[in-house]
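Take a look at the letters that make up each chain.
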Amino acid sequence: ISVLFLTLLLLFLALFPGAFDCCMKISDEIPRGILRRVERFEIQKADGLCHLEAVILHIKGKKFCVNPWNRKVKKMMKEMKHKIHRRKSHVRKQRRARITKQKEQKQ
């Protein structure tokens, strides 16, 4: 019986590697200092293997699970999305300008 249990456990871990990566509890309050240092975030849905909605904040290799309905967290997520969008469009403009210059030099 123990061999069967071990086999099933290993099979489960192979099929669902993120099963033990779920947030089991969330913080309702989070200090602004932590929000300022967030490198990236993930949204955990309450479906499948994870049974709790949460926002996972990644800060220097650490993870913090917070309430997705917290106003400060929502604001931080919105600001991060805008920063990423602006950064990408800026890179495209620089690349487009460089290609245009190269075409002008060839003519």
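This structure is a prediction, so every number in the text was calculated from the model and none was measured.

What am I meant to see in the sheet that holds strand β3 (residues 62-66) here?
For sheets, the rule is that strands pair by backbone hydrogen bonds, running either parallel or antiparallel. Ordered by their spatial adjacency, three strands build an open sheet running β1-β2-β3, and the pairing between neighbours is antiparallel. Either end of the sheet is taken by a strand with one partner, and the two such strands are β1 (40-44) and β3. For this sheet the average axis-to-axis angle between neighbouring strands, irrespective of direction, equals 25°. Relative to β3, strand β2 (residues 54-59) is paired through five bridges, and the arrangement is antiparallel. Counted as the bridge partner of H58 is K63 from β3.

It is not clear to me how the nonpolar core should be interpreted in this structure. Could you clarify?
General note: in soluble globular proteins, nonpolar side chains tend to be found buried as a group. Counting 13 residues, the largest nonpolar core has I30, V55, L57, V73 and M76 as its most contacted members. Sorting the residues of this core by element identifies α2 (32-36), β2 and α3 (71-106) as the ones contributing at least two each. Sort the elements by how many residues they give to this core and α3 lands first, with four residues. Look past the residues within four positions of V55 in its chain and what remains in contact with it is F41, E42, F64, C65, V66, P68, V73 and M77.

Procedures and definitions
- Residues numbered from 1 in each chain as written.
- Predicted model: local features only at pLDDT ≥ 70, side-chain atom pairs only at ≥ 80, totals over all residues.
- Heavy atoms only, no water.
- Pairing = 2+ DSSP bridges.
- Helix = DSSP H or I, 4+ residues; strand = E, 2+ residues; numbered from the N terminus.
- Axes fitted to C-alpha atoms, helices over the stretch in contact; angles between N-to-C directions.
- Core = buried A, V, L, I, M, F, W, Y, C linked by side-chain atoms within 4.5 Å.
- Buried < 20%, exposed > 50% of the residue type's maximum accessible area, 1.4 Å probe, protein only.
- Contact = heavy atoms within 4.5 Å.

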